[in-house]
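Single-letter residue listing:
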Amino acid sequence: NKPSQEGLYQHFKAIAGASPLPVVMYNVPGRTSVNMKAETTVRLAKDFPNIIGIKEACGSLEQIDEIIKNKPADFMVISGDDGITFPLITLGAVGVISVIGNAFPREFSRMVRLALDGDYNSARTIHYRFTELIELLFVEGNPAGVKSMLAVMGFIENKLRLPLVPNTIMTYEKIRHVLNQLI
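The rules we used
Residues numbered from 1 in each chain as written. Predicted model: local features only at pLDDT ≥ 70, side-chain atom pairs only at ≥ 80, totals over all residues. Heavy atoms only, no water. Axes fitted to C-alpha atoms, helices over the stretch in contact; angles between N-to-C directions. Helix = DSSP H or I, 4+ residues; strand = E, 2+ residues; numbered from the N terminus. Parallel < 35°, antiparallel > 145°, perpendicular 65-115°, else oblique. Left-handed = near helix turned anticlockwise from the far one by under 90°. Contact = heavy atoms within 4.5 Å. Nonpolar A, V, L, I, M, F, W, Y, C, P; charged D, E, K, R; others polar. Pairing = 2+ DSSP bridges. Right-handed = clockwise from strand over helix to strand, strands pointing away. Buried < 20%, exposed > 50% of the residue type's maximum accessible area, 1.4 Å probe, protein only. Core = buried A, V, L, I, M, F, W, Y, C linked by side-chain atoms within 4.5 Å. Polar contact = N/O pair within 3.5 Å; in protein donor to acceptor, adjacent residues only side chain to side chain.

### Describing the packing of helix α3 (residues 38-47) against helix α4 (residues 61-70)
Thinking step 1. Between α3 and α4, the least distance of the axes is 9 Å, while the angle of their chain directions is 25°. By the criterion of interaxial angle, the relationship of α3 to α4 is roughly parallel. Seen along the crossing, α3 lies across α4 with a hand that is right-handed. Residues Ala-38, Thr-41, Val-42 and Lys-46 of α3 lie in contact with α4, whose contacting residues are Gln-63, Glu-66, Ile-67 and Asn-70.
Thinking step 2. The residue inventory of the contact of α3 with α4, partitioned by class, reads 3 nonpolar, 3 polar and 2 charged.

### So, the sheet that holds strand β2 (residues 51-56)
Within a sheet, neighbouring strands are paired by backbone hydrogen bonds and run either parallel or antiparallel to one another.
Thinking step 1. Here 4 strands make up an open sheet; going across it, the order is β1-β2-β3-β4 and the pairing parallel. In this open sheet, the two strands that pair with only one neighbour each are β1 (23-27) and β4 (95-96).
Thinking step 2. With 2 bridges connecting them, strand β3 (residues 76-79) and β4 associate as parallel partners. Paired with Ser-79 across the bridge in β4 is Val-96.

### A short note on the pairing of β3
Thinking step 1. Strand direction decides the pairing type here: β2 and β3, joined by 4 bridges, are parallel. The residue bridging Gly-53 from the neighbouring strand is Met-76, located in β3.
Thinking step 2. Crossover β2 to β3 through α4 is right-handed.
Thinking step 3. Since β3 and β4 lie parallel, the crossover through helix α5 (residues 85-91) that links them has a hand, and here it is right-handed.

### Here we look at the pairing of β1
Thinking step 1. Residues Val-23, Met-25 and Asn-27 of β1 are buried on one face, while the alternating residues Val-24 and Tyr-26, pointing to the opposite face, are not.
Thinking step 2. Relative to β2, β1 runs parallel, the two sharing 5 bridges. In the sheet register, Tyr-26 faces β2, and the bridge partner there is Lys-55.

### Re the nonpolar core
Thinking step 1. Membership of the largest hydrophobic core comes to 52 residues, with the highest contact counts inside it found for Ile-51, Ile-100, Phe-104, Leu-133 and Met-149.
Thinking step 2. The leading source of residues in this core is helix α7 (residues 120-137), at 7 residues.
Thinking step 3. Excluding residues that lie within four positions of it along the chain, Ile-100 makes contacts with Asp-82, Phe-108, Phe-130, Leu-133, Ile-134, Leu-137 and Met-149.

### Digging into unusual backbone geometry
Thinking step 1. Note the cis peptide between Asn-142 and Pro-143, where omega equals 20°.
Thinking step 2. Mapped onto the secondary structure, Pro-143 falls in the loop between α7 and α8 (144-152).
Thinking step 3. Cis geometry marks the peptide bond from Leu-162 to Pro-163, where omega comes out at 15°.
Thinking step 4. By the secondary structure assignment, Pro-163 is in the loop between α8 and α9 (169-182).
Thinking step 5. Of note in this structure, Ser-33 is not a glycine but carries a positive phi near 70°.
Thinking step 6. Examined against the element boundaries, Ser-33 turns out to sit in the loop between α2 (29-32) and α3.

### Remarks on the side chain of Ser-79
Thinking step 1. Relative to the assigned elements, Ser-79 resides in strand β3.
Thinking step 2. By relative accessible area, which is 0% here, Ser-79 ends up buried.
Thinking step 3. A polar contact of 2.9 Å, which involves the side chain of Ser-79, links it to the side chain of Thr-85.
Thinking step 4. Excluding anything up to four places from it in sequence, Ser-79 contacts Lys-55, Glu-56, Ile-84, Thr-85, Leu-88, Gly-95, Val-96 and Ile-97.

### Observations concerning the side chain of Thr-40
Thinking step 1. Following the sequence through the fold, Thr-40 ends up in helix α3.
Thinking step 2. For Thr-40, the contacting residues outside a window of four places in its chain are Gln-5, Leu-8 and Tyr-9.

As far as function goes, none of this settles anything; it's purely spatial.
This is the structure in structure tokens:
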């Protein structure tokens with residue numbers, strides 16, 4: 001199912017109309033095979049006051065910048081992609097719903113807070129510290145990468161439910177190597 005932009009609009013309109021709670025949309029074309037365009041996001045944000053934000057994981061800085069530029073003042077844009085969280089905050093995003101934050105909550109949230117406070121040099125240092133690991137976490141898909149990372153760190157067993165499978169040994173060892181350099 002690859003709905004049109006109007007289909008996406010109608011879908012979130014129905015959710016907004018039925019929900020007694022605030023709604024945060026999620027745009028993740030890598031999983032859904034369809035991208036909700038900036039125009040559709042902004043239209044929904046302007047039309048429905050209980051749609052309060054979006055977790056944006058389209059991967060396009062230009063698209064997310066377009067949303068930030070045209071959104072209502074109280075509409076939140078939240079990064080859904082760890083690797084571009086730092087630049088998104090510099091554009092006006094308000095935070096992240098993170099994958100790497102499962103293993104490094106203190107450090108990654110510190111980067112976000114520093115960036116939100118305008119201390120870009122300190123935030124950038126932390127951002128660059130994690131870029132290689134973030135890339136590795138998605139080589140064979142999510143959640144396989146983060147499960148491998150958490151297993152290397154001794155927090156969990158490296159098990160997934162089918163049809164998902166753990167990372168290959170090669171990726172697992174790369175994650176282990178990068179983690180050993182970080183810790």
